[in-house]
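Fold and geometry: a report
As a plain string of letters, each chain reads:
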Amino acid sequence: MQSPKFSIIVPVYNVERFIARALESAINQSFKDIEIICVDDCGQDKSIEIAKEFAKKDERIKIVQNERNLGTFATRNNGALSAKGEYLLFLDSDDFLELKACEILNDTLLYYKKQNICLDILGFNYRKDSEMQDITKLYHSTPAHYFHFKFLTNKPTCTSQQFLLQALTQSPVNWTLCNKTYRKSCYIKSLKLFDFSDKLVMAEDVLAFFTTTLHCKTCAQISPCLYIYCTNPNSTTQDLNANKLKNNIQNQLFVRDKIIEICNKFGDLERILGQICSIILNIGVLNQQRVLKKSFFTYLTTSLYKKYLRYKEKGLLKQVNVALKVK
C-alpha cells in the first residue's frame, strides 16, 4: 500500500466539544491522499470515543493510545512515530483546517519539485478566531486576525538558519508547530534528542519547531491562510491558576535549557540563534512571574531585567545578520 502524502496528527485530550469539527475539517479535505492520526492522551471526557466513531466511517483515521497522560509534546511525537505520510501536519483538536489546505500544500510542493527543489518545511499563514463557531460559518466569515510570515530574503526558498531567524524576530506565533508542514524524516530525526517522559504543555511548540528546523535544509513560505486557531478557554494555555502558572514557568525554563543544550551540538550560528530563543523564553517567564507575584518590586525588577535581555538580544541579532548577510 502506497504511503499517503500527508499525515495529520491530532492530539486528543478533553476536547469533546470541538473534536468533531477538527476531524471534519481533515476528513473533508479536497486533497484525499492523507491519513489522520488521533492520539489519545487519556482524558476524562468522551473525546476519543467521538474520534473512534469517525474512524469507523473513514479508514484513513487511525487511533493511537498513550499508556498514560503525557502532555501535548509527547502526544504529538507519538503520533509522528506512527505516521506513514511523506509530510506531517499538526492539528490541535480545538482548531481546524481550511478545506483546501492539503491541496494547496501539495500543489506548492509539486511546483518546487519541478524546479528540483525538495522542501523540508513549507510554512503558511493562519488566522485566529476567538469565537467558537460552527465550521461552515467560519469558512465564510471575515477573518478575525491574520498572522503573516514575511521572509527576510527575496529568494523563493531559504535556509533553516534564515527560517529560524524569521520566526524569532517577527512574532512568537511564527514558531508555532501548526502553521507548517514538515518532511517526516526531518521531524523523526529530531526526536532522537528527546526523552518523551518529559511532560510539556507550555512552550512545546518552540522546542519541536526549533529542533526540527535544525535538521532541515530548505524551507519556504506561502501566503494563504490554511489554519484556523480558536481560543479555547479550557485549554492548558488559557486556564491559568497559580499552580498552572508555576508549571508553565517550569516548562519554559526546561525548553530554554534544552534548546541551548541542543544548539551547542551544532555550529556557531545555530548556537547564537539558540541564545536568542532563550532570551525570548526568559522574557515570557518574566511576564508570567509578574502575574504570579503582583507587586511593584516584581514589576520593577522584571522590567529592568527585560531591558537588559532586549539589549543582549539586539547584539546577538547583529551577529546573525552579518553571518547571514541579511540587510
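Note: the structure precedes this text.
Position numbers for residues count from 1 along each chain, tracking the sequence in the order it is written. In keeping with the model being predicted, local features are shown solely for residues with a pLDDT of at least 70 and side-chain atom pairs are shown and tallied solely at 80 or more, while totals for entire chains, interfaces and linings include all residues. Only heavy atoms go into the side-chain values, all of them from the structure, while hydrogens and water stay out.

1. A closer look at the overall build of the protein chain
To qualify as a helix, a DSSP run of H or I must reach at least 4 residues; to qualify as a strand, a run of E must reach at least 2; elements of each kind are numbered from the N terminus. The number of helices and strands found in the protein chain is 11 helices and 10 strands. Burial statistics for the protein chain: of 327 residues in total, 54% are counted as buried. By definition in these notes, contact holds between two residues if any of their heavy atoms fall within 4.5 Å. Restricting the contact set of the protein chain to residue pairs at least 6 apart, pairs at least 24 apart contribute 81%. Values of accessible area rely on a 1.4 Å probe in the Shrake-Rupley scheme; residue burial ignores everything except the protein chains shown. A total of about 15,800 Å² of accessible surface is found on the protein chain, and carbon and sulfur atoms cover 52% of it. Three labels apply to residues, based on accessible area from a 1.4 Å probe with only protein chains included: buried if under 20% of the type maximum, exposed if over 50%, partly exposed otherwise in between.

2. So, unusual backbone geometry
Trans is the prevailing form of peptide bonds, just as negative phi is the prevailing case for residues other than glycine. Of note in the backbone geometry, Cys42 takes a positive phi value of approximately 60° without being a glycine. Inspection of the secondary structure assignment puts Cys42 in the loop between strand 2 (34–40) and helix 2 (47–57). Exposure remark for Cys42: the relative accessible area of 24% places this residue in the partly exposed category. Of note in this structure, Ala203 is not a glycine but carries a positive phi near 70°. Along the polypeptide, Ala203 turns up in the loop between helix 7 (184–191) and helix 8 (204–214).

3. Some thoughts on helix 8
Across the 11 residues of helix 8, 11 count as buried, placing the element largely inside the fold. Within the span of helix 8, buried status applies to Glu204, Asp205, Val206, Leu207, Ala208, Phe209, Phe210, Thr211, Thr212, Thr213 and Leu214.

4. So, helix 6 (residues 160–170)
Buried residues dominate helix 6, accounting for nine of its 11 residues. Three or more residues of helix 6 are buried, namely Ser160, Gln161, Gln162, Phe163, Leu164, Leu165, Gln166, Ala167 and Leu168.

5. Overview of a nonpolar patch on the surface
Patch membership requires over 30% relative accessible area and the absence of a salt bridge. Like charges are linked within 9 Å, and nonpolar side chains (Val, Leu, Ile, Met, Phe, Trp, Tyr) within 5 Å. A side-chain nitrogen of Lys or Arg and a carboxyl oxygen of Asp or Glu constitute a salt bridge if their distance falls within 4 Å. A surface patch of nonpolar side chains, amounting to about 340 Å² of accessible area, comprises Phe296, Leu300 and Leu304. As for its position among the elements, Leu300 is in helix 11 (residues 296–324).

6. Quick word on the pairing of strand 2
The buried count for strand 2 comes to seven of seven residues, which makes it a mostly enclosed element. On strand 2, burial covers both faces: Ile34, Ile36, Cys38 and Asp40 on one face and Glu35, Ile37 and Val39 on the other are all buried. Note: two strands are recorded as paired if DSSP finds a minimum of 2 bridges between them. The pairing of strand 1 (residues 6–12) with strand 2 spans seven bridges and is classified as parallel. The residue of strand 2 that forms the bridge with Phe6 is Ile34. Note on handedness: a crossover is taken as right-handed if, strands pointing away from the viewer, the path from the first strand over the helix to the second is clockwise. Viewed along the sheet, the connection from strand 1 through helix 1 (residues 19–27) into strand 2 turns out right-handed.

7. Considering the pairing of strand 4 (residues 87–90)
Burial of the side chains of strand 4 extends over both faces: Tyr87 and Leu89 are buried on one face and Leu88 and Phe90 on the other. Both strand 1 and strand 4 contribute to a ladder of four bridges, which runs parallel. Bridging from a neighbouring strand, Ser7 pairs with Leu88 of strand 4. Sheet topology note: the strand 4/strand 9 (residues 180–183) ladder contains two bridges and is antiparallel.

8. Brief notes about the packing of aromatic side chains
Classification of ring pairs uses Phe, Tyr and Trp, with its six-membered ring standing for Trp, and accepts pairs whose centres are within 6.5 Å; under 30 degrees between planes counts as stacked, over 60 as edge-to-face, and the remaining range as tilted. In this structure the tally under the stated criterion is 10 aromatic pairs. Ring centres of Phe6 and Tyr87 lie 6.3 Å apart, and the angle between their planes is 45°; this geometry places the pair in the tilted category. Separated by 81 residues along the polypeptide, Phe6 in strand 1 and Tyr87 in strand 4 bring together distant segments of the chain. Judged by relative accessible area, which is 0%, Phe6 ranks as buried. On the basis of relative accessibility, which here comes to 3%, the residue Tyr87 falls in the buried class. When the centroid spacing of 6.1 Å and the interplanar angle of 65° are considered together, the rings of Phe90 and Tyr182 count as edge-to-face. Pair noted here: Phe90 is in strand 4 and Tyr182 is in strand 9, with a separation of 92 residues, a long-range link. Within the aromatic cluster, the residues linked to one another by ring pairs are Phe6, Phe31 and Tyr87. Any Lys NZ or Arg CZ found within 6 Å of a ring centre and within 35 degrees of that ring's normal is scored as a charge over the ring. Its guanidinium or amino end placed over the ring of Phe209, Lys180 lies 4.6 Å from that ring's centre, counting from NZ or CZ.

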